[in-house]
Amino acid sequence: MIKNYFKIAFRNFWKHKLFTFINIIGLSIGISSALVIYLIVHFDFTFNQSFTDGDRIYRVVSNYTFSGESVYNSGVSGGLPEAVKNEVSGLAASVPFFGISQPNVLIPAKSGAPVKFKIQDNVILADGRYFNLFNYTWLAGTAKTALNAPNQVVLTTDQAKKYFPGLSYHQMLGRVVTYDTLSTTVIGIVEPLKGNNDFAFHDFISYSTANSNKALSDELRLKDWGGTTSDSQFFIKLLPNTTVAHIEKQLGELLKKNSPPKPSDKGNTRSFHLQPLSDLHFNEVIGTFGGRVASKTTLYGLLAIALFLLVLGCINFVNLTTAQATQRAKEIGIRKTMGSSRTQLIIQFLSETFLITLFAVVVSIAITPIILKLFANFIPAGISLDLLKQPNLIIFLVLLTVVVSLLSGFYPAVMLSGYKPVSVLKNQTVANRSKTRNAWLRKSLTVTQFVIAQFFIMATVLVSKQIYYVLHKDLGFKKDAIIIINSPWKNRTDSRNQVFLNRLRAIPQINLVSVGRDAPSSSSSNSTEATYKDGKKEIKLELYEKFGDPNYINVYKLKLLAGRNLQPSDTSKAFIINNTYARLIGFKNPHDAIGKQVDNFNGDKKMEIIGVVSDFYPESLHSPIKPLAILTSKEHYDTGTFHIALNAETAGGNEWKKAITGMDKAWREVYPDDDFEYHFFDENIAKFYESEQHTSALLTWATGLSILISCLGLLGLAMYTTNLRTKEIGVRKVLGASVTQIVTLLSTELVLLTVLAFILVTPVAWYAMNKWMQTFADRTTISWWIFALSGAGMLLATLCTLSFQTIKAAVANPARSLRSE
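Every residue gets a number counted from 1 within its own chain, in the order that chain's sequence is written. Local features are withheld for residues below a pLDDT of 70 in this predicted model, meaning they are given only at 70 or higher, and side-chain atom pairs are given and counted only at 80 or more; totals for whole chains, interfaces and linings count all residues. Just so you know, side-chain values use all the structure's heavy atoms and leave hydrogens and water out.

A. View of the overall build of the protein. When helices and strands are tallied, the protein shows 27 helices and 24 strands. Its C-alpha atoms give the protein principal-axis dimensions of roughly 105 × 70 × 55 Å. When contacts within the protein are restricted to residue pairs at least 6 apart in sequence, those whose partners lie at least 24 apart make up 80%. Each accessible area is a Shrake-Rupley result for a 1.4 Å probe, and residues are judged covered by the shown protein chains and nothing else. By element, 58% of the accessible surface of the protein is carried by carbon and sulfur atoms, the whole surface being about 38500 Å². All tallies of charge rest on Lys and Arg as positive and Asp and Glu as negative; His and the ends of each chain are not included. Here the site of a charge means NZ on Lys, CZ on Arg, CG on Asp, or CD on Glu. Each charge sign in the protein was given a centre, from 83 positive and 60 negative side chains, and these centres are 14 Å apart. Strands are runs of DSSP state E lasting at least two residues, helices are runs of H or I lasting at least four, and both sets are numbered from the N terminus onward. Any pair of residues with heavy atoms lying within 4.5 Å of one another is described as a contacting pair.

B. Structural view of the packing of helix α2 (residues 17-45) against helix α13 (residues 391-417). A fitted line through C-alpha atoms serves as each axis, taken over the contacting stretch for helices, and the angle formed by two N-to-C directions is quoted from 0 to 180°. The N-to-C vectors of α2 and α13 enclose an angle of 145°; their axes lie 11 Å apart at closest approach. Here the hand of the crossing between α2 and α13 comes out right-handed. Of the residues in α13, those in contact with L27, I31, A34, L35, Y38, L39 and H42 of α2 are N392, L393, F396, L397, L400, V404 and S408. When residues are grouped by polarity, Ala, Val, Leu, Ile, Met, Phe, Trp, Tyr, Cys and Pro land in nonpolar, Asp, Glu, Lys and Arg in charged, and all others, Gly among them, in polar. Counted by class, the contact of α2 with α13 contains eleven nonpolar, three polar and no charged residues. By convention the crossing between two helices is left-handed if the near helix lies anticlockwise of the far one by an angle smaller than a right angle, and right-handed if it lies clockwise.

C. Local environment of unusual backbone geometry. Of note, the phi angle at N122 is positive, near 55°, even though the residue is not glycine. Within the secondary structure layout, N122 lies in the loop between β5 (115-117) and β6 (123-126). With phi around 60°, A481 is a residue other than glycine that occupies positive phi space. Tracing the sequence through the fold places A481 in the loop between α16 (437-472) and β14 (482-486). Looking at A481, the relative accessible area reads 12%, which means it is buried. In this scheme, a residue with accessible area under 20% of its type's maximum is buried, one over 50% is exposed, and one in between is partly exposed, where area comes from a 1.4 Å probe on protein chains only.

D. Quick peek at the pairing of strand β9 (residues 176-179). Pairs of strands are assigned from DSSP output, requiring at least two bridges between the strands. In this sheet, β9 lies alongside strand β4 (residues 105-107) in antiparallel orientation, the contact comprising two bridges. Across the sheet, L106 pairs through a bridge with T178, a residue of β9. Where β9 and strand β10 (residues 182-190) come together, four bridges link them in antiparallel fashion. Within β10, the position partnered with T178 by the bridge is S183. Linkage of β9 to β10, two consecutive antiparallel strands, is achieved through a turn of two residues, within which D180 is found at a positive phi near 55°.

E. The arrangement of the pattern of salt bridges in detail. We define a salt bridge as a side-chain nitrogen of Lys or Arg found within 4 Å of a carboxyl oxygen belonging to Asp or Glu. By the definition in use, this model includes 13 salt bridges. Salt-bridge contacts for R129 lead to D127; the nearest nitrogen and oxygen are separated by 2.9 Å. Classification of R129 as partly exposed rests on a relative accessible area of 23%. Judged by its relative accessible area of 12%, D127 is buried. Among the ionic pairs, D664 bridges to R668, the shortest N-O distance being 3.5 Å. With a gap of four residues between them, D664 and R668 both fall in helix α21 (residues 655-670), about one helical turn apart. Of the residues examined, D664 reaches a relative accessible area of 25% and is grouped as partly exposed. A network of salt bridges, in which partner residues are shared, links D53, R56 and K237.

F. Looking closely at the state of the cysteines. Note on terminology: pairs of cysteine sulfur atoms within 2.5 Å are recorded as disulfides. If you walk through the whole model with that rule in mind, you get zero disulfides. With no disulfide of its own, C711 lies closest to C800 among cysteine sulfurs, the gap being 8.5 Å.

G. Structural view of the packing of α2 against helix α12 (residues 342-374). It is at 7 Å that the axes of α2 and α12 come closest, and there the two elements cross at 50°. Relative to α12, the element α2 lies oblique. Here the hand of the crossing between α2 and α12 comes out right-handed. When α2 is examined against α12, the residues N23, I24, L27, S28, I31, S32, L35, V36 and L39 are found in contact with a partner set consisting of I356, T357, F359, A360, V361, V363, S364, I365, I367, T368, I371 and L372. Its residues assigned to classes, the contact of α2 with α12 shows 15 nonpolar, six polar and no charged. Throughout, the term roughly parallel applies to angles under 35 degrees, roughly antiparallel to angles over 145, roughly perpendicular to angles from 65 to 115, and oblique to all others.

H. Broad picture of the environment of E191. Tracing the backbone shows E191 in the loop between β10 and β11 (203-206). Considered as a pair, E191 and S28 are 163 residues apart in the sequence and their alpha carbons are 40 Å apart. If we ignore the near neighbours within four places in the chain, the residues touching E191 are Y136, T137, L139 and T157.

I. Examining the packing of aromatic side chains more closely. The rule is short: rings of Phe, Tyr and Trp, with Trp giving its six-membered ring, pair when the centres are within 6.5 Å, and they are stacked under 30 degrees, edge-to-face over 60, tilted in between. Taken as a whole, this structure holds 44 aromatic pairs when the rule is applied. Centre to centre, the rings of F51 and F134 are 5.2 Å apart; their planes meet at 65°, and the pair counts as edge-to-face. You can see F51 sitting in the loop between α2 and β1 (57-66) and its partner F134 sitting in the loop between α4 (128-133) and β7 (138-140), a full 83 residues away along the chain. Of the two residues examined, F51 and F134, each falls in the buried class.

J. The arrangement of the pairing of strand β23 (residues 641-646) in detail. Within β23, six of the six residues are buried, leaving the element largely enclosed by the surrounding structure. Every second residue of β23 is oriented toward a common face, with T641, H643 and A645 on one face and F642, I644 and L646 on the other, all of them buried. Where β14 and β23 come together, five bridges link them in antiparallel fashion. Counted as the bridge partner of I482 is A645 from β23. The sheet contact formed by strand β15 (residues 510-516) and β23 spans six bridges and is antiparallel.

K. Structural detail: helix α9 (residues 244-258). Multiplying 1.5 Å by the helix residue count minus one yields the expected span of that helix. Over its 15 residues, α9 runs 21 Å from end to end, which matches the ideal 21 Å to within 8%, given 1.5 Å per residue. Listed in full, the buried residues belonging to α9 are I247, Q250, L251, L254 and L255. All buried residues of α9 lie within an arc of 140° about the axis, which places them on one face of the element. Exposed side chains of α9 directed beyond 90 degrees from the buried face belong to A245, K249, K256 and K257. It is the directions from the helix axis to the C-beta atoms whose arc is reported.

L. Quick peek at the environment of A304. With respect to the helices, strands and loops of the structure, A304 is situated in helix α10 (residues 296-323). We classify A304 as partly exposed; its relative accessible area is 30%. Through-space distance from the C-alpha of A304 to that of I37 is 9.8 Å; in sequence the pair is 267 residues apart.

Keep in mind that these numbers describe shape and distance, not what the molecule does.
Written as structure tokens, this is what we have:
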């Protein structure tokens, strides 16, 4: 019986090769999209899921509120972990660790100079509690005494092989690893954590080392309750039945006890909160450990795209199958007359659908690696299609095959198997059923296809318009032809930075150089509270800070509205403010703010306003312009960032290349132990909108695929319609109908469906796009032409697709269609 089902199915496929091809292509596009998106979504949603009792593990994070604005920091004060260990109840474990910023690693060689590994990331200070909380497998050494003494280090296998190639794990024990000037001894080797997780650390130095090393102790500030750094991480594990509220209450009491609020803190608050381990990978506000943070909104959006493309493929199948119903009506009537039951016919039709879906799945598996390569720039590293290593993927494909088969084939199977043999054999099926029930179903499904396709078109156009807007908007500063170089963070001295600065100024292709900290617009920010007294009231606001020398304003072409530029003597006593801050403290005319004094800056400093610059965006356009001050400080030489304005490059010239070569040479002479790295400022600005650019690329692909699937379905319906109405067309031509009239007759219905879909989708698309645009503080307009262009584009695609078949039918010789009459 089953063999007979498949034999009939293959005969039917061969008889209707084009329709079978359209169905397989439509379904394979939807299934391959679903497969790729499943790989991405499954990859992200399985992060940090492999830890024992992970639902009871939390990270302690800090929350600051300045004048009503809430700011989160993923770290805690250095004094908190020890206080929690001694005074907080309800915990099964408390685990602090501290990130070390990219040390250089030295490994002693048998002879000659030690082997140097530059700028190693993911190095932390931890103790044995870290390995007890997280599930590491030990290959050498023991977890019982791990990191109990100062100057010990545990390595993961990958890092150990890099440092000590050719040695066994046990031979590595006792070896010396030096981090900058800190010498440690290897006491253990562990496997990296299994499964997807954010804990990519591979060098674990004993936490107690900080107590015996003054430089580390000063950096960690283990007794300090005043500051917070994201390098200071703190995880806790709750006892069963302990509530988050109970722990947070105790943390609040500890904070109040060790860092009581001051009168000057009025309006500002600070608190500790527990962040679930499951939230670590998805919280874009708090972040992880400097790694990639996934967006649940984006992941759900990807799932929606996959669903839409699958629905489009299924709609094609249902449309074409029901359109072909009359061609199989007599087969059904004869089989019923010969004794076939309705159940047998349903199984027959579902088996045909299953085979087509199976072919589509095979095609999808074949093209998925190609898709992964095409989207490699924004698909997370580590995603691959390996059926042997991913049994969950096999389960997904099996379920997807079954679901798609049922969605695509159930209605056609029930509809076709429901034909009555007597009506079928009297040729009454077409008149009574296909032209009524099936017709409205095909129209409904076709409208649904057009709605989805036009929604994608509208969304793609708007996202592209917004990206163009943010990349080309005047942000209030110059962003072209500026290079940013960060000097090495360790062992910085004024003299070395000054030497490098002098070398840069001697390069003829460089116009101007400034030393400061962050550029006018950057992903990091510094802020403090400041108070202005206008004689009647105090205006207390959070004031963002930018640091630079007198050339800072000139490099970035910041427009000075009033007052003068910074001078070296202005350190710690005067600054320049932006126009937003001037307005907020009551000065409509920038000149009126000059000479006024701001109190309580950075605690108790009094600063004179010496200049007002026009507003510029200190962050991406997602955030509004905020009150801001530009000041100079001796410290900016110690944390020097060089802002370099290049001379204009002539057409076909290589001035910039010569400038970069000169910078590289100067760098190697001044900082021989560090690699030379530079960034163009406009590229940094573009990185603010990487997520939107990825969204635009995905929408473009989704739009193209949805239009392709819809047009394939249209082509199939047009072919069926013209074949069904061949004799009618012949009669009309004999009676004098023109080619234009025939084409209009055959196209009108589908064109009207396209217009109906446009009317339905426009308000939905406007609402969705308006919601997305709210994420930008400054945004482009949702112009009427976006909808007009989308509707016209879909209409043009419809007409082009239909024209292949309708014009062919309209110019055919009527004698051929009427020769049998």
